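Descriptive analysis of the structure
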Amino acid sequence: MAATLAKEAGSATRAADALDVAARVEHVSKSFTTPAGQQLVLDDITLDVNQGEFVTLLGASGCGKSTLLNLVAGLDRPSAGSIGTDGRPALMFQEHALFPWLTAGRNIELALRLRGLPKAERRPRAEELLELVRLRGAYGKRVHELSGGMRQRVALARALAQDSKLLLMDEPFAALDAITRDVLHDELTRIWRETRVSVLFVTHNVREAVRLAQRVVLLSSRPGRVAREWTVDIEQPRRIEDAAVAELSAEITEELRGEIRRHGQH
Ligand SMILES: Nc1ncnc2c1ncn2[C@@H]1O[C@H](COP(=O)(O)OP(=O)(O)OP(=O)(O)O)[C@@H](O)[C@H]1O
Ligand SMILES: [Mg+2]
């Protein structure tokens, strides 16, 4: 397997020869310097995302989910511990961050260009990716002509255009209405199964976490630690209202409530 990238605290990127997972987080801690002094946000997090696995990272607001995702993305460095990923991950955030002056198709082609795909192959590939996210015909549409759900589909197509082994998603559907989100859950599940990409998906929505993941990892708050993990053994495609999804969500919610109570949040 082509394990290519690993980041270690305070040091430059190094090659990891034996990385057999999509991402490996080992004993990672992260502190920020604030006016009140050093704030420990993540404390000794160890977590693997296996090849082709779909993992959701769940926790209360402010527990450090985005901080951890940013570290895995290589946007910031851990204060201690090490992080390795199989190649460079693709990112998708709550805000679509598409370039408004480019069409949907051109936004995707830009990612293909950055990946080094020859010019002649870009348009057909962009059309294919738009088809994959069920946006056939949207190639020439500008961002302002698209609905919120359509924009997130383009953002997903652009993330997939990077052909990364690992997709990092930070609450990508949080701003969408429930019905659109439900449709996009189905699409994401289908695309994950078709492309076999590994996904690390951050959310504070328990139902969403259970609807999507093979494994749910619950972070505690202040500092963020891995509090508990659940393997979700429910057949896909699932519906958010399925009894089995509701049952496991209730169990996880109870645990999450306990975490929040322990740390005096609401
Ligand atoms: N660059 C920074 N400098 C100082 N503190 C930071 C920085 N980034 C994050 N924090 C702090 O770290 C903690 C965790 O923030 P983070 O954004 O990771 O939480 P989160 O779990 O993603 O929350 P949410 O669910 O609200 O998105 C917060 O207390 C935040 O204020
Ligand atoms: Mg966040």
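Rules used in this analysis
Residues numbered from 1 in each chain as written. Chains lettered and ligands numbered in written order. Predicted model: local features only at pLDDT ≥ 70, side-chain atom pairs only at ≥ 80, totals over all residues. Heavy atoms only, no water. Buried < 20%, exposed > 50% of the residue type's maximum accessible area, 1.4 Å probe, protein only. Helix = DSSP H or I, 4+ residues; strand = E, 2+ residues; numbered from the N terminus. Pairing = 2+ DSSP bridges. Phe/Tyr/Trp six-rings, centres within 6.5 Å; stacked < 30°, edge-to-face > 60°. Near = heavy atom within 4 Å. Polar contact = N/O pair within 3.5 Å; in protein donor to acceptor, adjacent residues only side chain to side chain. Salt bridge = Lys/Arg side-chain N within 4 Å of Asp/Glu carboxyl O. Axes fitted to C-alpha atoms, helices over the stretch in contact; angles between N-to-C directions. Parallel < 35°, antiparallel > 145°, perpendicular 65-115°, else oblique. Left-handed = near helix turned anticlockwise from the far one by under 90°. Contact = heavy atoms within 4.5 Å. Nonpolar A, V, L, I, M, F, W, Y, C, P; charged D, E, K, R; others polar. Expected span 1.5 Å × (residues − 1).

The name an unreviewed UniProt entry assigns to the protein is ABC transporter ATP-binding protein, from the organism Streptomyces longispororuber.

With respect to the pairing of strand 9 (residues 215-219)
Consecutive side chains of a regular strand alternate in pointing toward one face of the sheet and then the other. Extensive coverage of strand 9 is indicated by the burial of five of its five residues. Residues Arg215, Val217 and Leu219 of strand 9 are buried on one face, and the alternating residues Val216 and Leu218, pointing to the opposite face, are buried as well. With four bridges connecting them, strand 4 (residues 54-58) and strand 9 associate as parallel partners. In the sheet register, Leu58 faces strand 9, and the bridge partner there is Leu218. Where strand 9 lies against strand 10 (residues 226-231), five bridges are found, and the strand directions are antiparallel. Its bridge partner being in strand 10, Leu218 is matched across the sheet by Arg228. Count of turn residues in the strand 9/strand 10 antiparallel hairpin: six residues, of which Arg222 carries a positive phi of about 50°.

Details of the packing of aromatic side chains
By the definition in use, this model includes four aromatic pairs. Seen in terms of ring centroids, Phe54 and Trp192 are 5.5 Å apart; in terms of plane orientation they differ by 85°. Their pairing is edge-to-face. In this pair, Phe54 sits in strand 4 while Trp192 sits in helix 5 (residues 178-195), placing the two residues 138 residues apart along the sequence. Ring geometry for Phe54 against Phe201: centres 6.1 Å apart, planes inclined by 35°, an arrangement best described as tilted. One end of the pair, Phe54, is in strand 4; the other, Phe201, is in strand 8 (residues 198-203), with 147 residues separating them in the sequence.

Quick look at the environment of Ser147
Relative to the helices and strands, Ser147 is located in the loop between helix 3 (119-132) and helix 4 (148-161). Spatially, the C-alpha atom of Ser147 lies 19 Å from that of Ala126, the residues being 21 residues apart in sequence.

Topic: the site of ligand 1
Around ligand 1 there are 13 residues in total, and Ser61, Gly62, Lys65, Ser66 and Thr67 lie nearest to it. Contact distances for ligand 1 include 2.5 Å between an oxygen atom and a side-chain N or O atom of Ser61. Here Cys63 contributes a backbone N or O atom positioned 3.2 Å from an oxygen atom of ligand 1. Of all the secondary structure elements, the ones that give two or more residues to the shell around ligand 1 are strand 3 (37-49) and helix 1 (65-73). The element best represented in the shell around ligand 1 is helix 1, accounting for three residues.

Looking at the pattern of salt bridges
All chains considered together, the criterion is met by 23 salt bridges. A salt bridge links Arg190 to Glu194, with the nearest nitrogen and oxygen atoms 3.3 Å apart. With Arg190 and Glu194 both in helix 5, this residue pair falls four residues apart, about one helical turn. Taking the shortest distance from any N to any O, the salt bridge between Glu241 and Arg239 comes out at 3.5 Å. The class for Glu241 is exposed, based on a relative accessible area of 52%. Connected through salt bridges with shared partners, the residues Arg134, Arg153, Glu187, Arg190 and Glu194 form a single ionic network.

Concerning the packing of helix 2 (residues 104-114) against helix 4
Here helix 2 crosses helix 4 at 20°, and the two axes come no closer than 8 Å. Here helix 2 is positioned roughly parallel relative to helix 4, judged by the angle of their axes. For helix 2 against helix 4, the interelement crossing comes out right-handed. Residue-level contacts link Ala104, Asn107, Ile108, Ala111 and Leu112 of helix 2 to Val154, Ala157, Arg158 and Ala161 of helix 4. Here the residues of the contact of helix 2 with helix 4 sort into seven nonpolar, one polar and one charged.

Quick word on helix 5
The first and last C-alpha atoms of helix 5 sit 25 Å apart over 18 residues, in line with the 26 Å expected at 1.5 Å per residue. Every buried residue of helix 5 is listed here: Arg181, Asp182, Leu184, His185, Glu187, Leu188, Thr189, Arg190, Ile191 and Trp192. Measuring from the side-chain oxygen of the N-cap residue of helix 5 to the backbone nitrogen of Ile179 gives 3.1 Å; that N-cap residue is Asp177. In the stretch just after helix 5, Arg196 is the one whose phi turns positive, near 60°.

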